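Report on the structure
Listed here are the chains, written in short residue letters.
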Amino acid sequence: MKHSLYDDYKKFEKIMDNYEDGSESIDTSDYSYLAPTTLIPLLCNINKYNLKKIHTHQNTEKYVKEILNMKSTLTRTPYMVLPHNEKDRQNKELSHKMALRINEDYGGFYVLRHIISELTNNIYNHTSFEDGYANQGYTYAQEYPNLKMLDICVMDDGLSIPGRFKKSGIEFTDECHAIEKAISNLSTVSKNPHERGNGLWTTVKLVVEGNKGSVLIVSDKGCLHINGIEDYKYKVLHNKNKFKGTLISVRLNKNKVQHVYDLMETFTGNPYKYNKNEGGS
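Residues numbered from 1 in each chain as written. Predicted model: local features only at pLDDT ≥ 70, side-chain atom pairs only at ≥ 80, totals over all residues. Heavy atoms only, no water.

**Thoughts on the pairing of strand 8 (residues 231–236)**
For a regular strand, side chains alternate in direction, first toward one face of the sheet and then toward the other. Using the following cut-off: At least two bridges found by DSSP between two strands are what make those strands a pair. Helix and strand assignments follow DSSP, with helices taken as H or I runs no shorter than four residues and strands as E runs no shorter than two, numbered in order from the N terminus.
Bridge count for strand 7 (residues 222–228) against strand 8 is 6 bridges, and the pairing is antiparallel. Within strand 8, the residue paired with Cys 223 across the bridge is Lys 235.

See the structure below:
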């Protein structure tokens, strides 16, 4: 049983399709398996709509309860609610502490810390809580020992990549094109590479090229699912009123990334080109 990251996200959309406005509960009972890429956007909506009850399949009842109680196990970290103040996050070394909880056989400790740090930095740099652009941010990791894979999901309910580009005056044709630009070393923070982070492209490169893993980026209606340099697909989603913000999930295989610094050293171009005629839900 191996679902793709995209399958896991679409499961979230199907669950929200059955949610009735004004209801105090959400029903996940059709699904015996819930991955981080399904659960984290659900958590955002549970808090957004102040839902009191989650109906679960018998196979996931204990799992969902433990997650909501923020319990960790040998194979998962508790989901982390990102503090609204960036200095508070840095002082608590949250990215470092989360990476320490994860089996470093998945990519290596430095790679794990880099991925978590870069993806959370993006939230604070581009859709600040303190400026009122986002209300919620989460990170969560789950290991699947039998499948020898690890999922990490980071999400915020803020501006989204297209929203941030609009605010910064960066032109794009649609939401998928905005994602292509975001992984092309384009920054809305600074044109000086010494004044900004390593960028989303380093995470994609470490995961896909270094670990032979996969990446899912969902931002507003745009979606990019990457399984390899020549195995990727952009999709325009019909997720209005279901999803807000940006979700980035990575799936790592149980092997350490070699030549980490060589992979990160220089941006050599974005191989994941968007063709608008190929988009579809």
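From this point, the narrative continues.
**Side note on the sheet that holds strand 8**
Test applied: Contacts are residue-level and defined by heavy atoms, with any inter-residue pair within 4.5 Å sufficient. Angles shown run from 0 to 180 degrees and are taken between the N-to-C directions of axes, each axis being a line fitted to C-alpha atoms and, for helices, limited to the stretch in contact.
Spatially, 7 strands are ordered 3-4-5-9-6-7-8 in an open sheet, and the strand pairing comes out antiparallel. At either end of the open sheet lies a strand with only one pairing partner, and these are strand 3 (80–81) and strand 8. Helix-sheet contacts for helix 9 (residues 200–211) involve strand 6 (214–219), strand 7 and strand 9 (246–253), and the interaxial angle to strand 9 is about 25°.

**A word on the pattern of salt bridges**
Keep this limit in mind: Definition used for salt bridges: Asp or Glu carboxyl oxygen within 4 Å of a side-chain nitrogen of Lys or Arg. Categorising residues by exposure relies on relative accessible area from a 1.4 Å probe, with only protein chains included: less than 20% of the type maximum marks a residue as buried, more than 50% marks it as exposed, and the intermediate range marks it as partly exposed.
All chains considered together, the criterion is met by 8 salt bridges. Notably, a salt bridge pairs Asp 17 with Lys 242, separated by 2.8 Å at the nearest N-O pair. With Asp 17 in helix 1 (residues 5–17) and Lys 242 in the loop between strand 8 and strand 9, the pair connects residues that are 225 residues apart, well separated along the chain. The exposure class of Lys 242 is buried, given its relative accessible area of 15%. A salt bridge links Glu 61 to Lys 65; its shortest N-O distance comes to 4.0 Å. Linking Glu 61 with Lys 65, this pair stays in helix 3 (residues 61–68), spanning 4 residues, or about one helical turn. Here Glu 61 falls in the partly exposed class, since its relative accessible area comes to 41%.

**Quick notes on unusual backbone geometry**
Despite not being glycine, Lys 148 has its phi angle at roughly 55°, a positive value. Mapped onto the elements, Lys 148 comes out in the loop between strand 4 (137–144) and strand 5 (149–156). Positive phi, normally seen in glycine, also occurs at Asn 241, with a value near 70°. Relative to the assigned elements, Asn 241 resides in the loop between strand 8 and strand 9. You can call Asn 241 exposed: its relative accessible area is 63%.

**Examining the environment of Gly 137**
Summarising the element assignment, Gly 137 is placed in strand 4. C-alpha separation for the pair Gly 137 and Thr 120, spaced 17 residues apart in sequence, amounts to 8.5 Å. Those residues within four positions of Gly 137 in sequence are excluded, and the remaining contacts are Met 80, Val 81, Leu 82, Phe 129, Met 155 and Asp 156.

**Describing the packing of helix 1 against helix 2 (residues 36–48)**
Our working rule: The sense of a crossing depends on the near helix, which, turned anticlockwise from the far helix by less than a right angle, makes the crossing left-handed and, turned clockwise, makes it right-handed. Just so you know the grouping, Ala, Val, Leu, Ile, Met, Phe, Trp, Tyr, Cys and Pro go in nonpolar, Asp, Glu, Lys and Arg go in charged, and all remaining residues, Gly too, go in polar.
It is at 7 Å that the axes of helix 1 and helix 2 come closest, and there the two elements cross at 35°. The crossing of helix 1 and helix 2 is right-handed. Within the contact between the two elements, helix 1 uses Leu 5, Asp 8, Tyr 9, Lys 11, Phe 12, Ile 15 and Met 16 and helix 2 uses Thr 37, Thr 38, Pro 41, Leu 42 and Asn 45. Classifying every residue of the contact of helix 1 with helix 2 by side-chain character gives 7 nonpolar, 3 polar and 2 charged.

**Remarks on the environment of Leu 94**
By secondary structure assignment, the location of Leu 94 is in helix 5 (residues 94–100). In this structure the C-alpha to C-alpha distance between Leu 94 and Asp 17, which are 77 residues apart in sequence, comes to 34 Å.

**Some details on helix 7 (residues 161–168)**
Three- or four-residue spacings in an α-helix give side chains the same orientation, since the helix completes a turn every 3.6 residues. Taken together, the buried positions of helix 7 are occupied by Ile 161, Pro 162, Gly 163, Arg 164 and Phe 165. Those residues of helix 7 hidden inside the fold are in contact with helix 6 (109–126), helix 8 (175–182), strand 6 and strand 9. Immediately downstream of helix 7, the backbone of Gly 169 shows phi near 75°, a positive value.

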